[in-house]
Amino acid sequence: MGVSRLDVLYRKLLLTKLFIQGWGRPEDLKRIFEFRKTIGDREKCKHLVPRDYPVFIDKVEDHSDCKIHNGHFISPLEHFVPGILPTESVKARFQFIIPKKWRKHRPVCIHLAGTGDHFFWRRRTLMARPMIKETGMASLLLENPSHGYRKPKDQVRSSLKNVSDLFVMGGALILESAALLHWLEREGYWPLGMTGISMGGHMASLAVTNWPKPIPLIPCLSWTTASSVFTTGVLSKAVNWRELEKQYATHTVYEEEIIHLLEYCGTDSFRMGQDFVRDSPGSFDKLSDLALSSSLLGLSSEQDERVGLRREAAGGRVGASGRDSSLLLEQREGDDLDRMLSAVSSSRPHMDMLHAKNISRGTGQRQSLQRESLCFMKGVMDECTHIANFSVPVDPRLIIIVQAKEDAYVPRTGVRSLQEIWPGCEVRYLDGGHISAYLFKQAIFRQAIYDAFERFLQKYPML
């Protein structure tokens, strides 16, 4: 199956860059990875958020078709990993949209936001109010960290500054979702479920893995891991690879310490990338004789010394074979290669570029660094976002996934399927890509929500 041209075109029209400041502080990554071991295990996580966790309603708006409750609470993540959230993100904000009159039961679906879904108007207009009109189902809209009121002052639009920011967001939303589910139970609402579109769907999936009861889950336009989104999807072109490569080359902590914290999917992903490099026939011959140009990475002489013998390629260590100018790229050549690597599309992933033949020896050295940074990105992304690194939901048969067949934002090639990880879940495929589905298939998303809730009522009528 090909990829949507609309997805590719839409991404080209956006000029924003992701992870402009790099990987994030190594200390933060270490703390996040350690906490992931807790929230990845439902038995360890289910008691982290008390059932009486305080949630506050600040204002109630009366509308013709509904009432909108605006509320807040302190993110539980602040209690377990203090200081990891930006100051602006510590207070979690939400809107609770309920019908004027309930039809049957008091069902509530929590909607988590996708990238760029700031504040509440988009989900309120496209999902929540139509759901009240169609079935009388209430919706609770939680605002993501780094979005809307929770966006750091120095963040540009939706562009996360660091790779670690995505992991912090995921950890926060898992605990915040638990706090809201407990609150809704206390208030007598039932049944409860979760949904989200794109990144919101993935975050909802992570949150449900830690809920200790059967619960409907409807992730739309998301899959098993975020690693493919940022390494082979169209969003990979928005990643600031130059800065990531530079930091990976100059700070040994990533290679010497953080890699050893990766477990299961993360470690497998990193090794898989290195095995690919080792076993790829004839792709990276004689790289062990290459030296890395400091001018190519924009490094100072002191940073250049720190790079030294660190570069590993094709199973060997890269030696600093003097300062032979024949082994160094001219700046023009480096810039040309950088443009080539940044122009990778979803149909030709970053790894594919590494097979280019007849490249210069200097270019090969540049690609060795790019290759290692890519492997590291896949490893850390899988560590914190891969569904298989978290508990299986209590009842996967209550899960309905809605996917676009030609999604260029969330590639499924080479990624474990959700049916394999969550046996019994249902996957519904839509024609077209990510953008067209988001713009024109909202009614199908809502129908999947209704179906999942009905499935829950039939299976657990007295729960």
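Values in this document were obtained by computation on a predicted structure and should not be read as measured data.

**Student:** Could you clarify how one ought to interpret the overall build of the chain in this entry?
**Tutor:** Scanning the chain from terminus to terminus reveals 19 helices and eleven strands. Out of the 463 residues in the chain, the part that is buried amounts to 59%. If you take every contact in the chain between residues at least 6 apart in sequence, the share linking residues at least 24 apart comes to 80%. Accessible surface computed for the chain: about 19,300 Å², of which carbon and sulfur atoms make up 52%.

**Student:** Would you mind going over the environment of leucine 369 with me for this structure?
**Tutor:** By the secondary structure assignment, leucine 369 is in helix α16 (residues 361-385). With relative accessibility at 0%, the residue leucine 369 sits in the buried group. Considered as a pair, leucine 369 and lysine 246 are 123 residues apart in the sequence and their alpha carbons are 8.7 Å apart.

**Student:** Can you help me understand the pattern of salt bridges in this one?
**Tutor:** When their charged atoms lie close together, side chains carrying opposite charge are able to pair. Tallying each qualifying case throughout the model produces 20 salt bridges. Here arginine 428 and aspartate 451 are joined by a salt bridge, their closest N and O atoms 3.0 Å apart. With arginine 428 in strand β11 (residues 426-430) and aspartate 451 in helix α19 (residues 442-459), the pair connects residues that are 23 residues apart, well separated along the chain. Accessibility expressed as a relative area gives 25% for aspartate 451, which makes it partly exposed.

**Student:** Hey, could you run me through a nonpolar patch on the surface in this one?
**Tutor:** Taken together, the side chains of Leu6, Tyr10 and Leu14 define a hydrophobic patch exposed on the protein surface, amounting to about 240 Å² of accessible area. Topologically, tyrosine 10 is positioned in helix α1 (residues 5-13).

**Student:** Before we go on, may I ask you to explain the pairing of strand β4 (residues 108-112) in this structure?
**Tutor:** The side chains of a regular strand alternate, residue by residue, between the two faces of the sheet. The buried fraction of β4 amounts to five of the five residues, a majority that puts the element mostly inside the structure. Here β4 shows no split at all, with Val108, Ile110 and Leu112 on one side and Cys109 and His111 on the other all buried. Strand direction decides the pairing type here: β4 and strand β5 (residues 138-142), joined by five bridges, are parallel. Within the sheet, the bridge partner assigned to isoleucine 110 lies in β5 and is leucine 140. Handedness of the β4-helix α5 (residues 121-135)-β5 crossover: right-handed. Taken together, the five bridges between β4 and strand β6 (residues 192-197) define a ladder with parallel strand orientation. Within the sheet, the bridge partner assigned to leucine 112 lies in β6 and is glycine 196.

**Student:** Looking at this structure, I do not really get the packing of aromatic side chains. What am I missing?
**Tutor:** The way to describe two aromatic rings as a pair is by their centre distance and the angle between their planes. The final tally for this structure, using the stated rule, is 16 aromatic pairs. On the basis of an interplanar angle of 85° and a centroid distance of 5.1 Å, the ring pair of phenylalanine 96 and tyrosine 189 is categorised as edge-to-face. Here the residue phenylalanine 96 occupies a position in strand β3 (residues 91-99), and tyrosine 189 occupies one in the loop between α6 (163-186) and β6, the gap between them amounting to 93 residues. Neither residue differs from the other here; phenylalanine 96 and tyrosine 189 are each classed as buried. Aromatic ring contacts, followed pair by pair, group Tyr53, Phe73, Phe94, Phe96, Trp102, Trp183 and Tyr189 into a single cluster. Its end group placed over the ring of phenylalanine 390, arginine 36 keeps NZ or CZ at 5.9 Å from the ring centre.

**Student:** Any chance you could explain the packing of α5 against α19 here in plain terms?
**Tutor:** Helices that pack against each other are described as a pair by the angle of their axes relative to one another and the distance between those axes. Running from amino to carboxyl end, α5 crosses α19 at an angle of 55°, the nearest separation of the two axes being 11 Å. The orientation of α5 with respect to α19, classified from their angle, is oblique. The handedness of the crossing between α5 and α19 is right-handed. For the pair α5 and α19, the contacting residues are Leu126, Met127, Pro130, Met131, Glu134 and Thr135 in the first and Gln442, Phe445, Arg446, Ile449 and Tyr450 in the second. Of the residues belonging to the contact of α5 with α19, the class tally is seven nonpolar, two polar and two charged.

**Student:** Looking at this model, I keep getting lost on the side chain of aspartate 165. Mind explaining?
**Tutor:** Structurally, aspartate 165 can be placed in helix α6. It turns out aspartate 165 is buried and unbridged, and the closest side chain with the opposite charge, lysine 161, is 5.7 Å from it. A polar side-chain atom of aspartate 165 sits 3.2 Å from the main-chain amide nitrogen of lysine 161.

Reading the values: rules and limits
- Residues numbered from 1 in each chain as written.
- Predicted model: local features only at pLDDT ≥ 70, side-chain atom pairs only at ≥ 80, totals over all residues.
- Heavy atoms only, no water.
- Helix = DSSP H or I, 4+ residues; strand = E, 2+ residues; numbered from the N terminus.
- Buried < 20%, exposed > 50% of the residue type's maximum accessible area, 1.4 Å probe, protein only.
- Contact = heavy atoms within 4.5 Å.
- Areas by Shrake-Rupley, 256 points an atom, 1.4 Å probe, with all protein chains shown as cover.
- Salt bridge = Lys/Arg side-chain N within 4 Å of Asp/Glu carboxyl O.
- Patch = residues over 30% accessible without salt bridge, like charges linked within 9 Å, V, L, I, M, F, W, Y side chains within 5 Å.
- Pairing = 2+ DSSP bridges.
- Right-handed = clockwise from strand over helix to strand, strands pointing away.
- Phe/Tyr/Trp six-rings, centres within 6.5 Å; stacked < 30°, edge-to-face > 60°.
- Lys NZ or Arg CZ within 6 Å of the ring centre and 35° of its normal.
- Axes fitted to C-alpha atoms, helices over the stretch in contact; angles between N-to-C directions.
- Parallel < 35°, antiparallel > 145°, perpendicular 65-115°, else oblique.
- Left-handed = near helix turned anticlockwise from the far one by under 90°.
- Nonpolar A, V, L, I, M, F, W, Y, C, P; charged D, E, K, R; others polar.
- Lys, Arg positive; Asp, Glu negative; His and termini not counted.
- Polar contact = N/O pair within 3.5 Å; in protein donor to acceptor, adjacent residues only side chain to side chain.

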